[in-house]
Number of protein chains: 2
Amino acid sequence: VDVSGLHVLIDPGRVPSRRLGAFLPAIAQAGARVVQIRIKEGSTRSALAYAQEAVQYARRAGLVVVVDDRVDWALAVGADGVHVGQDDMPVALVRRIAPGLLVGASAGTPAELTAALADGPDYIGVGPVFPTSSKADAGDPLGIDGLRSLLRLAAPVPVVAIGGITPANAAAVWAVGVAGIAVIAAVAEAADPAAAVRALLAAKPTP
Amino acid sequence: VDVSGLHVLIDPGRVPSRRLGAFLPAIAQAGARVVQIRIKEGSTRSALAYAQEAVQYARRAGLVVVVDDRVDWALAVGADGVHVGQDDMPVALVRRIAPGLLVGASAGTPAELTAALADGPDYIGVGPVFPTSSKADAGDPLGIDGLRSLLRLAAPVPVVAIGGITPANAAAVWAVGVAGIAVIAAVAEAADPAAAVRALLAAKPTP
């Protein structure tokens, strides 16, 4: 599964279930590659209902589906993968209980990156690149230089940059050579999500 | 796997990890059958560390291990089963992603019980029998008569009664004919957990 390109994170707060049927085809057609379902509130029952609906629309739209943190939800809704942070299940354990899932890990420092790489994830989410208000426990921003150092350490594992990335600053992030960019607010809170996806992708330098 | 008998619920707040090595053999030797790990706070990483340690001691002591709610944790630590409440993953989905696990479901009303039974759980946790302060979102107490009605509806699926059960009121609960009793405070908060287990089991009428 190719996880390069644009990852769009969604949750029931920013993209309510009634909007999924318009939102997911629109971002897919605009060029998004991966949708990550990240639910931190509410019951498992309501999260599963949301994720199951999202997976149906995402499949039809050709999007890769990743579930944040919850390996059981990823398995239950038939997602392609799971993304685990520093406090979530270690990648090696995810592999053991869910050998078919794509596994992404998170890192925000060289030490975290080294630890994450030892487990052999399929990709690494690196960030926050810029200040972000979408994730309360995000660490200090790396900046473009910090991102570049971590990208070198991560090679050849694909890096997906995350944290405060917008159409206005995306060109500098792509220019570092990341495999992908992940966004929360820039697309899920945009008045025109498809236009935001196009702008984030248009910022990528042509090779 | 036999789930009749006494279920003891533990969590890192009531039985910290440093106490597991004494607590679990003690309750096993006193006659407890099942330990249920129920963690509602903290990170997945810390919950997994606790559950992994509990599983090791429980195995050595011959206790059946059930994990509350989290199917991924149950799989990751090699538990025998998972217990799912009304807001957790439906039993049918648990069966699909974790066919080897024993699955318990919860019910507190006839409607919940009928819905839970339709999914074919291995046992049903019925409660709260009495008022409880250990579970914030527990419903109204069933009382002994309410428990008796639900037990009849559940047959032949084994019923494990839960909620406010103590050595002082356990005889009335056993007398209804439940397969098991589950306790939180009565053992995990007891000064002498083994003595509490013996008292809860001694309350069972000899057949």
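Before going into details, it helps to say that this report is about the structure given with it. (Residues numbered from 1 in each chain as written. Chains lettered and ligands numbered in written order. Predicted model: local features only at pLDDT ≥ 70, side-chain atom pairs only at ≥ 80, totals over all residues. Heavy atoms only, no water.)

**Quick look at the side chain of His7(B)**
Residue and element names in this part refer to chain B.
Here is step 1: Assignment of secondary structure puts His 7 in strand S1 (residues 5-10).
Here is step 2: A polar side-chain atom of His 7 sits 2.6 Å from the main-chain carbonyl oxygen of Val 3.
Here is step 3: For His 7, the contacting residues outside a window of four places in its chain are Val 34, Tyr 123, Val 160, Ile 181, Ala 182 and Val 183. (Helix = DSSP H or I, 4+ residues; strand = E, 2+ residues; numbered from the N terminus. Polar contact = N/O pair within 3.5 Å; in protein donor to acceptor, adjacent residues only side chain to side chain. Contact = heavy atoms within 4.5 Å.)

**A word on helix H2 (residues 44-61) of chain B**
Here is step 1: For H2(B), with 18 residues, the first-to-last C-alpha span of 25 Å sits near the 26 Å given by 1.5 Å per residue.
Here is step 2: Thr44(B), Ala47(B), Leu48(B), Tyr50(B), Ala51(B), Ala54(B), Val55(B) and Ala58(B) are the residues of H2(B) that are buried. Considered in projection along H2(B), the buried side chains sweep an arc of 165 degrees and stay on one side of the axis.
Here is step 3: For H2(B), the secondary structure elements touched by its buried residues are helix H4 (91-97) of chain A together with S1, helix H1 (17-29), strand S2 (34-37), strand S3 (64-68) and helix H3 (71-77) of chain B.
Here is step 4: At the exit of H2(B) stands Gly62(B), carrying a positive phi of roughly 80 degrees. (Expected span 1.5 Å × (residues − 1). Buried < 20%, exposed > 50% of the residue type's maximum accessible area, 1.4 Å probe, protein only. Arc of directions from axis to C-beta.)

**Examining the pairing of strand S7 (residues 159-162) of chain B**
Residue and element names in this part refer to chain B.
Here is step 1: Two elements, strand S6 (residues 123-126) and S7, share three bridges in a ladder whose sense is parallel. Bridge pairing in S7 places Gly 125 opposite Val 160.
Here is step 2: With helix H6 (residues 143-154) bridging S6 and its parallel neighbour S7, the resulting β-α-β unit is right-handed.
Here is step 3: The sheet contact formed by S7 and strand S8 (residues 180-183) spans three bridges and is parallel. In the sheet register, Val 160 faces S8, and the bridge partner there is Gly 180.
Here is step 4: Between S7 and its parallel partner S8, the chain crosses via helix H7 (residues 170-176), and the hand of that crossover is right-handed. (Pairing = 2+ DSSP bridges. Right-handed = clockwise from strand over helix to strand, strands pointing away.)

**Some words on the interface of chain A and chain B**
Here is step 1: Residue-level contacts link 21 residues of chain A with 21 residues of chain B.
Here is step 2: In total, chain A and chain B occlude about 1,600 Å² of area from one another, counting both sides; carbon and sulfur atoms represent 59% of this.
Here is step 3: In this assembly, chain A and chain B are joined by zero salt bridges.
Here is step 4: Within the residue set of the side of chain A that touches chain B, elements represented by two or more residues are helix H2 (44-61), helix H3 (71-77) and H4 of chain A. (Buried area = accessible area lost by both parts, 1.4 Å probe. Salt bridge = Lys/Arg side-chain N within 4 Å of Asp/Glu carboxyl O.)

**Examining the layout of surface pockets**
Vacant regions in the atomic arrangement are exposed by a probe of water-molecule size rolled over the atoms.
Residues and elements named next belong to chain B.
Here is step 1: In this structure, the second largest pocket encloses a volume near 150 Å³.
Here is step 2: As for the second largest pocket, its lining consists of Asp 11, Pro 12, Gly 13, Arg 14, Arg 38, Ile 39, Lys 40, Glu 41 and Ser 134.
Here is step 3: In terms of residue class, the lining of the second largest pocket is built from two nonpolar, two polar and five charged. (1 Å grid on protein atoms, 1.4 Å probe; cavity = no way out; pocket = protein on both sides within 12 Å on 5 of 7 lines; lining within 4 Å. Points joined across faces, edges and corners; volume = space filled by probe spheres on them. Nonpolar A, V, L, I, M, F, W, Y, C, P; charged D, E, K, R; others polar.)

**A look at the packing of H1(B) against H2(B)**
Residue and element names in this part refer to chain B.
Here is step 1: One way to put it is that H1 packs onto H2 with a least axis distance of 9 Å and a crossing angle of 30 degrees. Accordingly, the angle class assigned to the pair H1 and H2 is roughly parallel. Crossing handedness for the pair H1 and H2: right-handed. Of the residues in H2, those touching H1 at Ser 17, Leu 20, Gly 21, Leu 24, Pro 25 and Ala 28 are Tyr 50, Glu 53, Ala 54, Tyr 57, Ala 58 and Ala 61.
Here is step 2: Partitioning the contact of H1 with H2 into residue classes produces nine nonpolar, two polar and one charged. (Axes fitted to C-alpha atoms, helices over the stretch in contact; angles between N-to-C directions. Parallel < 35°, antiparallel > 145°, perpendicular 65-115°, else oblique. Left-handed = near helix turned anticlockwise from the far one by under 90°.)

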